[in-house]
Every structure is written in structure tokens, then in C-alpha cells.
Amino acid sequence: MSAPESIEKTDAARLADLRQNIDRIDAEMHGLLIERSEIVNALIAVKGTRSSGQAFRPGREADMMRRLAARHRGILPLDTAENIWRIIISTFTYVQAPFSVHADISAGDGPMRDSARFHFGFTVPYVPHAGAAAVIDAVARSQGDLGIFRPDQKTAVNPWWEALRNPDAPKIIARLPFIERPDHPAGTPLYVVSKPLEDAAVRETVLVAARVERWREDTQQALASAGAEITGSAGVEGGLSLLVAIDGATGSEAVREALEHARVGRVEVAEIGSHANRFQLS
Ligand SMILES: O=C(O)C(=O)C[C@]1(C(=O)O)C=C[C@@H](O)C=C1
């Protein structure tokens, strides 16, 4: 036997070994997914998902994604690991209680579809709408669907967040992506809305719709002193509506107090949702 031939055989044997290992790992991963599905099946009864029609636990999901990013290593891109686990979690949410994702495509369908598929996979139906108001309306009329739209869309009058004021109206439950980084493959910033989640909402950041009669120069400064940030503003009948984000530990009452201090006329404050703090990957 010539030398090159024996090297070839060794390589072939090593390749067979490595492929055997890949097959073993694939079978184990598949087995673990089947085991996971049995656990989720048991979870349905414990959580009472069938009666509430909602299985989302956004705080738990944010925590799982943070831990995933922290422990990730090796040549597999984090994008892929994040995408795989988003699909696992979202599909296991879907099998507990089926839902659709309603998306505002007024600024284009492509990025919204990419984000929906990245975060919710292909089993969860994707339903496009023309505007955040239509998305909120579809979620309000559903049993337990989700809606997604961009948080940063500019509106001069009648902003989308006014439609979330009523306690029974949909609320913001998450901000996507959970793991933020400049080169995220589905990095469009999104708010996720659902019908109110009662005890399941995560309150690291609380969002407040605040109606005031007039704007004064020091309004922004007054809110900043309370640790609050204005992330949107638009005209409404009788004045102005502000979208304000504040630390959940401080709470929405601090927004009311700061605005009353700023002498902006009558102040009407309503919580319109909350989400986990943004997790920046350095
Ligand atoms: O922990 C739960 O409550 C679950 O329903 C499980 C699970 C998951 O698949 O890990 C699914 C949906 C929730 O949003 C969070 C996590």
C-alpha cells in the first residue's frame, strides 16, 4: 500500500467517526426536543393555558435569551443559536395555544416578515396590515394573537398608543429583538402587543401614554429628572399625547407627578404596557 493511500484511508475513517458523532448528537437533540414537548404538554394544565388562551411569558423568554447569549461560544454564529431558540420557544407557545402574528407593513413587508419569521418561525401564521392601528384592532378582536409594529414611527395626530389606554385594550408585552446588536440579521426594533397578560407581564420598563393640555419648554427636563424618557409625541383633541418610558421600579405615578410639576395643564396618565430591559451585547 502506498503512503498517500494510507493517509486517505485514515482520513476516510476519521470522517466516518466524525459523521457518526454528528448523527449521535442530532438524534440526542431531536430526542431532547421530543422530551421538551412532553414537558410543555404537562405545563399546559399547570398554567391553565386552555382557559386563558394565552401561553406567552415574555419575562421568562427575555431571561432565557439573555442566558443563551451569555453562554454561547464556538463557531456557530449567535444569530443562528438565537433564531433556533426563538423558533423553539415560539412554536412551543403556539402548540399550547395557537395564535397569529399581525404585522404593520406600512413601511415595507420585507423587514417585518424577516423579523416575524426570525422570532416566531414558520408555523405561526403571519398576517400583514396597513398600519399599527389595524394591527392593534386585529389583536383586540382575536382570542390570543400578537401584533408587531415599529416603535419609532412618526405620527402628527392620533398616535397608535392612544388605542392602548383602555385597561381592556391590548398592551405592549415585549420589545424585539431581545438581544440587541448592531449587525442583528432581523434587527428591526419592534413592539409586541397582545391582550392584557395579567400576572405574566414583565415590568422592567413601563410605557405610559400621557395626555397634557400644552407643551412647556421644561417638560422634557421635568420627565428626565424623574428618570423618564419621551419616545413619541403627537397631537390629540385638546392638547398633546406623549409616549413615555420609565423604569418599572419607579412606576407610572412618577410620570404624572413630574408632568403636574411642569404645569402642562390637565394630565391624564395611563399605562399602555411594559417590557424587559434592552439587552445589549457588547
Ligand atoms: O415557561 C413557560 O411558561 C412556557 O410556556 C414554556 C416556554 C418555552 O417553550 O420555553 C413557552 C412559552 C413562554 O412564553 C415561555 C417559555
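The rules behind these values
- Residues numbered from 1 in each chain as written.
- Predicted model: local features only at pLDDT ≥ 70, side-chain atom pairs only at ≥ 80, totals over all residues.
- Heavy atoms only, no water.
- Near = heavy atom within 4 Å.
- Polar contact = N/O pair within 3.5 Å; in protein donor to acceptor, adjacent residues only side chain to side chain.
- Areas by Shrake-Rupley, 256 points an atom, 1.4 Å probe, with all protein chains shown as cover.
- Domains from an automatic or database assignment.
- Contact = heavy atoms within 4.5 Å.
- Buried area = accessible area lost by both parts, 1.4 Å probe.
- Salt bridge = Lys/Arg side-chain N within 4 Å of Asp/Glu carboxyl O.
- Nonpolar A, V, L, I, M, F, W, Y, C, P; charged D, E, K, R; others polar.
- Helix = DSSP H or I, 4+ residues; strand = E, 2+ residues; numbered from the N terminus.
- 1 Å grid on protein atoms, 1.4 Å probe; cavity = no way out; pocket = protein on both sides within 12 Å on 5 of 7 lines; lining within 4 Å.
- Points joined across faces, edges and corners; volume = space filled by probe spheres on them.
- Core = buried A, V, L, I, M, F, W, Y, C linked by side-chain atoms within 4.5 Å.
- Buried < 20%, exposed > 50% of the residue type's maximum accessible area, 1.4 Å probe, protein only.

- For the chain, the name recorded in an unreviewed UniProt entry is chorismate mutase, with Pseudochelatococcus contaminans as its organism.

Digging into the site of the ligand
Thought 1: For the ligand, the set of nearby residues contains 13 residues, the closest of which are Arg36, Lys47, Arg57, Glu61 and Gln96.
Thought 2: Between the ligand and the protein, one listed contact pairs an oxygen atom with a side-chain N or O atom of arginine 36 at 2.8 Å.
Thought 3: A distance of 2.4 Å is found between an oxygen atom of the ligand and a side-chain nitrogen or oxygen belonging to glutamate 61.
Thought 4: Calculation on the ligand without its partners gives an accessible area of 360 Å², and the protein chains cover 91% of this total.

Let's talk about the domain arrangement of the chain
Thought 1: When the domains of the chain are assigned, the result is domain 1 (1–47), domain 2 (56–200) and domain 3 (205–275).
Thought 2: Counting residues at the interface gives seven residues for domain 1, matched by seven residues for domain 2.
Thought 3: Together, the buried faces of domain 1 and domain 2 total about 670 Å²; carbon and sulfur atoms form 64% of this surface.
Thought 4: Broken down residue by residue, the surface that domain 1 buries against domain 2 is led by Arg36, Val40 and Lys47, which jointly contribute 65%.
Thought 5: Applying the counting criterion to the domain 1 and domain 2 interface returns zero salt bridges.
Thought 6: When the residues that make up the side of domain 1 that touches domain 2 are grouped by side-chain class, the tally is four nonpolar, one polar and two charged.

Quick notes on the environment of alanine 210
Thought 1: Secondary-structure assignment places alanine 210 in strand β7 (residues 205–212).
Thought 2: Discounting chain neighbours no more than four positions away, the residues touching alanine 210 are Arg165, Leu240, Ser241, Leu242, Val255, Leu259, Glu268 and Val269.

A short note on the layout of surface pockets
Any space left empty among the atoms is revealed by the rolling of a water-sized probe across them.
Thought 1: Roughly 960 Å³ of volume is contained in the largest pocket.
Thought 2: Lining the largest pocket are 29 residues, and of these Arg36, Met64, Trp85, Ile88 and Ile89 lie nearest its centre.
Thought 3: Tallying contributions element by element places helix α1 (residues 3–47) first for the lining of the largest pocket, with nine residues.
Thought 4: Split by residue class, the lining of the largest pocket holds 18 nonpolar, three polar and eight charged.
Thought 5: Each of domain 1 (1–47) and domain 2 (56–200) gives at least three residues to the lining of the largest pocket.
Thought 6: One number sums up the size of the second largest pocket: a volume of about 330 Å³.
Thought 7: In terms of lining, the second largest pocket is formed by 16 residues, of which the most central are Arg175, Tyr191, Glu229, Thr231 and Arg278.
Thought 8: Residue assignment for the lining of the second largest pocket shows that the elements contributing at least two residues are β7, β8 (228–236) and β9 (239–247).
Thought 9: Among the elements that line the lining of the second largest pocket, the one with the most residues is β9, at three residues.
Thought 10: Among the residues forming the lining of the second largest pocket, the class breakdown is six nonpolar, four polar and six charged.

Re empty space enclosed by the protein
Thought 1: Applying the stated criterion across every chain yields a total of two cavities of 30 Å³ or more.
Thought 2: If you add up the space inside the largest cavity, you get close to 120 Å³.
Thought 3: Along the wall of the largest cavity there are 15 residues; nearest its centre are Phe56, Glu61, Arg86, Phe120 and Leu146.
Thought 4: Along the lines of polarity and charge, the residues of the lining of the largest cavity split into ten nonpolar, two polar and three charged.

What to know about the nonpolar core
Thought 1: By size, the foremost hydrophobic cluster in this structure holds 30 residues, and its most contacted members are Phe120, Leu146 and Ile148.
Thought 2: Residue assignment for this core shows that the elements contributing at least two residues are α3 (58–71), α4 (78–96), β1 (101–104), α5 (109–120), β3 (146–149), β4 (171–176) and β6 (190–194).
Thought 3: With five residues, α3 is the largest single contributor of residues to this core.
Thought 4: The contact partners of isoleucine 148, leaving out residues within four places of it in the chain, are Val101, His102, Ala103, Asp104, Met112, Ala116, Phe120, Val135, Leu190, Tyr191 and Val192.
Thought 5: With 19 residues, the next largest nonpolar core counts Val206, Leu240, Val264 and Val269 among its residues.

Points about the side chain of glutamine 96
Thought 1: Locating glutamine 96 in the fold gives a position in helix α4.
Thought 2: Glutamine 96 gets classed as buried once you look at its relative accessible area, which sits at 6%.
Thought 3: The contact partners of glutamine 96, leaving out residues within four places of it in the chain, are Val40, Leu43, Ile44, Lys47, Thr49, Arg50 and Ala55.

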